[in-house]
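Coordinates in review
So you can see what is in the structure, the chains are spelled out below.
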Amino acid sequence: MRQIAGATLLMLLLTLSLSAHYLINDHLISPKAGDVIEKIGSELQQKTGIHAYVIASNDRLDKRANLYEYVKKYEKQLSRPWAAILFLPNNKRLGILVSDPDLKKAYKAGRVKKYAIDILGSADSNSQQSKYDVAMVQAYSELADELAAAKKVKLTQTIKNEGQWIIKIITWLVYLGAVLVFWVYFGRPIYMRIRHGKQ
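Parameters and conventions
- Residues numbered from 1 in each chain as written.
- Predicted model: local features only at pLDDT ≥ 70, side-chain atom pairs only at ≥ 80, totals over all residues.
- Heavy atoms only, no water.
- Helix = DSSP H or I, 4+ residues; strand = E, 2+ residues; numbered from the N terminus.
- Buried < 20%, exposed > 50% of the residue type's maximum accessible area, 1.4 Å probe, protein only.
- Contact = heavy atoms within 4.5 Å.
- Areas by Shrake-Rupley, 256 points an atom, 1.4 Å probe, with all protein chains shown as cover.
- Axes fitted to C-alpha atoms, helices over the stretch in contact; angles between N-to-C directions.
- Parallel < 35°, antiparallel > 145°, perpendicular 65-115°, else oblique.
- Left-handed = near helix turned anticlockwise from the far one by under 90°.
- Nonpolar A, V, L, I, M, F, W, Y, C, P; charged D, E, K, R; others polar.
- Core = buried A, V, L, I, M, F, W, Y, C linked by side-chain atoms within 4.5 Å.
- Pairing = 2+ DSSP bridges.
- Salt bridge = Lys/Arg side-chain N within 4 Å of Asp/Glu carboxyl O.
- Polar contact = N/O pair within 3.5 Å; in protein donor to acceptor, adjacent residues only side chain to side chain.

1. With respect to the overall build of the protein
- Looking only at helices and strands, the protein has six helices and four strands in total.
- Relative to its 199 residues, the protein shows a buried fraction of 37%.
- Across the protein, contacts joining residues at least 24 apart in sequence account for 62% of those joining residues at least 6 apart.
- A total of about 13,200 Å² of accessible surface is found on the protein, and carbon and sulfur atoms cover 60% of it.

The following block contains the structure:
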């Protein structure tokens, strides 16, 4: 019975690894998020010829390690021309690499990274897994949209900017909460002292 269960699990894992083309993953990103990445990547490739990847790895690198040198270990899995989001949480590193320098003109690295960093750095009750999933899907979706726009193509599978509006609203609520805390603990007592001092 155990052998049958083991064989079934092995077949399932092989099927998942064979179907995963645009996500190269050390079990950091969940299969559900991986499915979204695969759909976006497939549409981007069909419409533009560009291959976009997410490489999520548990590897630990030296602080001065060159990311392009590191990515060479995945070279056989990458089809040219490619752009890749490299996510190394153990090193707290997030990079965007390309096979062709001309591709760098097709997206804004800072904006793509911001989609991930805003989520990864948020202080909320979401699990680490949820943050990794949402951060990589949002950043990947933005990268795909920008690469497609450079080719004057629109994608239908990407997550549009509504998600970014939610992040902005959450950010403003955090700022508002900080202002209220400052007022309650510092501003109001000073105001009351000044007011009572005048009476």
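2. Brief notes about the packing of helix α4 (residues 109-120) against helix α5 (residues 128-150)
- Following both chains from N to C, one finds α4 and α5 inclined at 165 degrees, their axes separated by 8 Å at the closest point. Of the possible angle classes, the one that applies to α4 and α5 is roughly antiparallel. The two elements α4 and α5 meet at a crossing, and its hand is right-handed. Side by side, α4 and α5 meet where R111, V112, Y115, A116, I119 and L120 of the first sit next to K131, Y132, V134, A135, M136, Q138, A139, E142, L143 and E146 of the second.
- Counted by class, the contact of α4 with α5 contains 11 nonpolar, one polar and four charged residues.

3. Digging into the nonpolar core
- Judged by nonpolar contacts, the single largest core of 50 residues is most densely connected at I85, M136 and L147.
- When residues of this core are traced back to their parent elements, those giving at least two are β1 (23-25), α2 (31-48), β2 (51-56), α3 (67-71), β3 (82-88), β4 (93-98), α4 and α5.
- In terms of residue count, the dominant contributor to this core is α5 (10 residues).

4. Let's talk about the pairing of β4
- Most of β4 sits inside the fold, with five of its six residues counted as buried.
- Looking at chain direction, β3 and β4 are connected through six bridges and run antiparallel. Residue pairing for β4: L86 is matched across the bridge by G95.
- Once β3 ends, the chain turns through four residues before running back antiparallel as β4, passing K92 with a positive phi of about 55 degrees.

5. What to know about the side chain of S141
- Along the chain, S141 falls in helix α5.
- Assessed through its relative accessible area of 0%, S141 is described here as buried.
- Those residues in contact with S141 that sit more than four places away from it in its chain are I40, T158 and I159.

6. So, the pattern of salt bridges
- Scanning the entire structure with this criterion turns up eight salt bridges.
- Between R111 and E142 there is a salt bridge, with the nearest N and O atoms lying 3.5 Å from each other. With R111 in helix α4 and E142 in helix α5, this pair connects stretches of sequence that are 31 residues apart.
- On the accessibility criterion, R111 (40% relative accessible area) is partly exposed.
- Through salt bridges with shared partners, one network takes in R111, E142 and E146.

7. Quick word on the environment of D133
- Relative to the helices and strands, D133 resides in helix α5.
- Overall, D133 belongs to the buried group, its relative accessible area being 13%.
- On a C-alpha basis, the gap between D133 and I29 in space is 5.5 Å, while along the polypeptide they are 104 residues apart.
- Polar contacts involving the side chain of D133 include one to the side chain of S30, which spans 2.7 Å.

The values reported here are purely geometric and, on their own, carry no functional implication.
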